[in-house]
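Chain by chain, the residues:
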Amino acid sequence: MGLDPRALFCDIETSRGLVVAVSGGSDSLALLLLVHDFAAACAPPPRLLAVTVDHGLRPEAAAEAAQVAALCRARGIAHRTLRWRGQKPRTGVAAAAREARYDLLAEAAESVGAATVLTAHTLDDQAETLAMRAARGGDPRGGAGLAGMAAATLFDGRVWIVRPLLGLRRQALRDWLSARGVGWIDDPSNADPAFERVRVRQGLDDAGVEALARQARAAGAGRAALSAAAARLVERF
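No experiment lies behind these values; they were computed from the predicted model shown.

Caption draft 1: Seen up close, the sheet that holds strand β2 (residues 48–54). Judged by pairing direction, the sheet is mixed, and its six strands sit side by side in the order β3-β2-β1-β4-β6-β5 without closing on themselves. The open sheet terminates on both sides in strands that have one partner only, identified here as β3 (78–83) and β5 (152–155). Here the strands of the sheet are splayed against their neighbours by 30° on average, with no regard to which way each runs. Pairing of β5 with strand β6 (residues 159–162) involves four bridges; the strand directions are antiparallel. Bridged to Leu154 within β6 is Trp160.

Here's what the structure looks like:
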């Protein structure tokens, strides 16, 4: 299967370099290699740094980070492994880990002068996020959060978190990797029904994912229009 890196990344500011979050799973590996192809075609090529965050929550995480580092070395991609240190909370671990991950990625970006961190959230992730919000009492017909994850958000006023793969299905990325002979790491927690996201994922079929995706696109257009109106007010006054 063919994916066009130029179409995926043409709107992203590259002059200050790019940081790519890479766990070793299929989505993030596909993102890294697509960005690498894109950078190689640029003149001059942007500086690229791959960052793997080891949350210290699974004993296999260190070995997985080493696998990503080895893949990056083989392709001439700069790589760092960053660790979430300190005591972990007893509850809300997933949310705390997510915040810690973004904080570490932002620190890595700042350390190399980059303003953009790329993450590999896909259309499947978007659908799962919307389904979880609806299950928690959100109105499936409208309301806050219906647009799901934005294509770009400013994290902590520091760096932009950009999600260029939100329009792509996970299977399309896996097919692309397989065609290139690239394997990936399957995190066992991604199949553990103890986690809410896994339960939601297991309950979503293709039709459900596509329906939620259409919902997100419509709500996203509304969110963009509202943001544009707010910007015009700021400029006017």
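Caption draft 2: Structural view of the pairing of β3. By the bridge criterion, six bridges tie β2 to β3 in an arrangement that is parallel. Directly across from Val51, in β3, lies its bridge partner Arg80. In terms of handedness, the path from β2 via helix α3 (residues 61–75) over to β3 forms a crossover that is right-handed.

Caption draft 3: View of the packing of aromatic side chains. By the definition in use, this model includes two aromatic pairs. Ring centres 5.8 Å apart and planes at 45° place the aromatic pair Tyr102 and Phe155 in the tilted group. Residue Tyr102 is located in helix α4 (residues 93–111), and its partner Phe155 is located in strand β5; the two are separated by 53 residues in the primary sequence. Its relative accessible area of 11% is what places Tyr102 among the buried residues. A cation sits over an aromatic face here: Lys88 above Trp84, 5.0 Å from the ring centre. For the cation-ring pair, Arg101 lies above Tyr102, with the distance from its terminal atom to the ring centre recorded as 6.0 Å.

Caption draft 4: Spotlight on the packing of helix α5 (residues 123–135) against helix α8 (residues 206–236). Axis separation between α5 and α8 bottoms out at 9 Å; the angle between their running directions is 80°. One element, α5, and the other, α8, form an angle in the roughly perpendicular class. Side by side, α5 and α8 meet where Leu123, Gln126, Ala127, Leu130 and Ala131 of the first sit next to Val209, Glu210, Leu212, Ala213, Ala216 and Arg217 of the second. A breakdown of the residues in the contact of α5 with α8 according to their chemical character gives eight nonpolar, one polar and two charged.

Caption draft 5: The side chain of Glu128, seen in detail. Relative to the elements of secondary structure, Glu128 occurs in helix α5. Overall, the relative accessible area of 2% leaves Glu128 in the buried class. Once residues lying within four places of it in the same chain are set aside, the contact partners of Glu128 are Arg170, Arg197, Val200, Arg201 and Leu204.

Caption draft 6: How the structure looks around the packing of α5 against helix α7 (residues 196–203). Remark: α5 packs on α7, axes separated minimally by 9 Å, with the N-to-C direction vectors making an angle of 105°. Classified by the angle between their axes, α5 and α7 sit roughly perpendicular to one another. On the side of α5, the interface is formed by Asp125, Glu128, Thr129, Ala131 and Met132, while α7 contributes Glu196, Arg197, Val200 and Arg201. A per-class count over the contact of α5 with α7 returns three nonpolar, one polar and five charged.

Caption draft 7: Region of the structure containing the nonpolar core. Formed by 30 residues in total, the largest nonpolar core has its most connected members in Val20, Leu31, Leu32, Val35 and Leu118. When contributions to this core are tallied by element, the ones reaching two or more residues are β1 (18–21), α2 (26–40), β2, α3 and α6 (170–179). Counting residues per element, this core draws most heavily on α2, which supplies eight residues. Setting aside chain neighbours within four positions, we find Leu118 in contact with Ile12, Leu18, Val19, Val20, Ala21, Leu31, Val35, Val162 and Pro164. Counting residues in hydrophobic clusters, the runner-up holds 20 residues, among them Val19, Leu104, Leu105 and Ala114.

Criteria and thresholds
Residues numbered from 1 in each chain as written. Predicted model: local features only at pLDDT ≥ 70, side-chain atom pairs only at ≥ 80, totals over all residues. Heavy atoms only, no water. Pairing = 2+ DSSP bridges. Helix = DSSP H or I, 4+ residues; strand = E, 2+ residues; numbered from the N terminus. Axes fitted to C-alpha atoms, helices over the stretch in contact; angles between N-to-C directions. Right-handed = clockwise from strand over helix to strand, strands pointing away. Phe/Tyr/Trp six-rings, centres within 6.5 Å; stacked < 30°, edge-to-face > 60°. Buried < 20%, exposed > 50% of the residue type's maximum accessible area, 1.4 Å probe, protein only. Lys NZ or Arg CZ within 6 Å of the ring centre and 35° of its normal. Parallel < 35°, antiparallel > 145°, perpendicular 65-115°, else oblique. Contact = heavy atoms within 4.5 Å. Nonpolar A, V, L, I, M, F, W, Y, C, P; charged D, E, K, R; others polar. Core = buried A, V, L, I, M, F, W, Y, C linked by side-chain atoms within 4.5 Å.

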